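# Descriptive analysis of the structure
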Amino acid sequence: MPKLTYLSHSAFLVENDGDTIAIDPFLTGNPLAPVRVGDIHPNWIILTHGHGDHIGDALTLAKRDDATIIAPFELATYCEMHGAKAHPMYIGGSREFPFGRVKMTIAHHGSSVTEGNTIIYTGNPVGILLTMKGVTLYHSGDTGLFYDMKLLGEMNEIDVAVLPIGDNFTMGIDDAVKAVELLQPGLAIPMHYNTFDLIKADPQEFVDKVKENGYKARILGFGESLDY
Ligand code: NI
Ligand code: MN
């Protein structure tokens, strides 16, 4: 049974059978992060897009622990150019890795890395379906609501969906509630809120509205784990 740990913002750890997969590991500079870079030791890192609050500490972790970064093609190339091992993928593609299956899905957002006064575009952003031990986690990445979530829900039995609720850059609460209806996950967990003033949101309001709508949701605390 894989274990999911929420590291705040969009950062999660998934642990299973000796593998540790970090998703969007933004710890340094994240005021809500319950752990520091030295506390986690992933052997795989999955990135949804290049923004600083998602690539986070990925390069540091990958180089320190010889972990492989799985990312959309341009972002994977950027990581390789900066000395990390990377595996490129893209939207619609799936692949069986030693730890499980990853499929990249669409996300409506941007993707870039800012270096000094330069913005380096890193392709398209993605969401991720991660299947291990027969259970599927959907991490939407940063995205607005899109109706193809219905297709994702029809074609995948999603056990846990983690969805942004912070508004401004991504879905807000009401759109995320609609996303749950489209995806039909076994459980919905809110993410991408309260890290900065711009994305202040009440996760309990999301949970209450999802439940009113007939679906399951819960808050995962910062540093809290869940076997799923
Ligand atoms: Ni972003
Ligand atoms: Mn973000």
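Residues numbered from 1 in each chain as written. Chains lettered and ligands numbered in written order. Predicted model: local features only at pLDDT ≥ 70, side-chain atom pairs only at ≥ 80, totals over all residues. Heavy atoms only, no water.

Bringing the overall build of the chain into the picture now. A count of helical and extended segments in the chain gives six helices and 15 strands. Radius of gyration (C-alpha) of the chain: 16 Å, near the 17 Å computed for a compact globule of 228 residues. With respect to the principal axes defined by its C-alpha atoms, the chain has extents near 50 × 40 × 30 Å. Counting contacts in the chain only where the partners sit at least 6 residues apart, residues at least 24 apart contribute 58% of the total. Counting only carbon and sulfur atoms, one obtains 49% of the accessible surface of the chain, whose full area is about 9500 Å². Taken as two groups, the 16 positive and 29 negative side-chain charges of the chain have centres that lie 4 Å from each other. (Helix = DSSP H or I, 4+ residues; strand = E, 2+ residues; numbered from the N terminus. Rg over C-alpha atoms; globule rule 2.2 N^0.38 Å. Contact = heavy atoms within 4.5 Å. Areas by Shrake-Rupley, 256 points an atom, 1.4 Å probe, with all protein chains shown as cover. Lys, Arg positive; Asp, Glu negative; His and termini not counted. Charge placed at Lys NZ, Arg CZ, Asp CG, Glu CD.)

For the nickel ion (ligand 1), the full set of protein donor atoms is His49 (NE2), His51 (ND1), His109 (NE2) and Asp142 (OD), at a range of 2.2 to 2.3 Å. Taken together, the four donor atoms coordinating the nickel ion (ligand 1) span angles of 87 to 175° at the metal, a pattern that classifies the geometry as irregular. Taken in chain order, the donor set of the nickel ion (ligand 1) reads H-x1-H-x57-H-x32-D. Between the nickel ion (ligand 1) and the manganese ion (ligand 2) the interatomic distance comes to 3.1 Å, and Asp142 is a ligand of both metals. Taken together, the residues span a long stretch of sequence, with His49 in the loop between strand S4 (44-46) and helix H1 (52-55) and Asp142 in the loop between strand S12 (135-139) and helix H4 (149-155) at a distance of 93 residues. The buried category is assigned to Asp142, whose relative accessible area is 2%. (Donors = N, O, S within 2.8 Å, 3.2 Å for Na, K, Ca; no water. Tetrahedral: all angles 85-135°; square planar, octahedral: opposite > 155°, others 65-115°. Buried < 20%, exposed > 50% of the residue type's maximum accessible area, 1.4 Å probe, protein only.)

All right, on to the side chain of Thr170 then. Within the secondary structure, Thr170 sits in the loop between strand S13 (160-164) and helix H5 (173-183). Filtering out sequence-adjacent residues up to four positions away, Thr170 remains in contact with Asp142, Thr143, Pro164 and His192.

Once that is clear, we can look at the layout of surface pockets. Here the largest pocket is characterised by a volume of approximately 150 Å³. If you trace the largest pocket, you find it lined by Lys103, Met104, Thr105, Ile106, Leu129, Phe146, Asp148, Leu151, Leu152, Met155 and Asn156. Elements that contribute at least two residues to the lining of the largest pocket include exactly strand S8 (100-106) and H4. It is S8 that contributes the most residues to the lining of the largest pocket, four residues altogether. For the lining of the largest pocket, the per-class residue count stands at seven nonpolar, two polar and two charged. (1 Å grid on protein atoms, 1.4 Å probe; cavity = no way out; pocket = protein on both sides within 12 Å on 5 of 7 lines; lining within 4 Å. Points joined across faces, edges and corners; volume = space filled by probe spheres on them. Nonpolar A, V, L, I, M, F, W, Y, C, P; charged D, E, K, R; others polar.)

Attention shifts here to H5. Residues spaced three or four apart along an α-helix point in a common direction, a consequence of the helix completing one turn every 3.6 residues. Of the positions making up H5, those classed as buried are Ile173, Ala176, Val177, Ala179, Val180, Leu182 and Leu183. Looking at the buried positions of H5, the neighbouring elements they touch are S12, H4, S13, strand S14 (187-191) and helix H6 (203-212). Phi turns positive, to about 50°, at Gln184, one or two residues after H5.

What the rule picks out here adds up to ten salt bridges. Between Asp65 and Arg64 there is a salt bridge, with the nearest N and O atoms lying 2.7 Å from each other. The exposure class assigned to Arg64 is partly exposed, which follows from its relative accessible area of 36%. The partner of Glu205 in a salt bridge is Lys209, and the shortest N-O contact between them spans 3.0 Å. Of this pair, Glu205 and Lys209 both sit in helix H6, four residues apart, which is roughly one turn of the helix. With a relative accessible area of 33%, Glu205 lands in the partly exposed category. For Lys209, a relative accessible area of 28% puts it in the partly exposed group. A single network of salt bridges, built from pairs that share partners, joins Asp174, Glu205 and Lys209. (Salt bridge = Lys/Arg side-chain N within 4 Å of Asp/Glu carboxyl O.)

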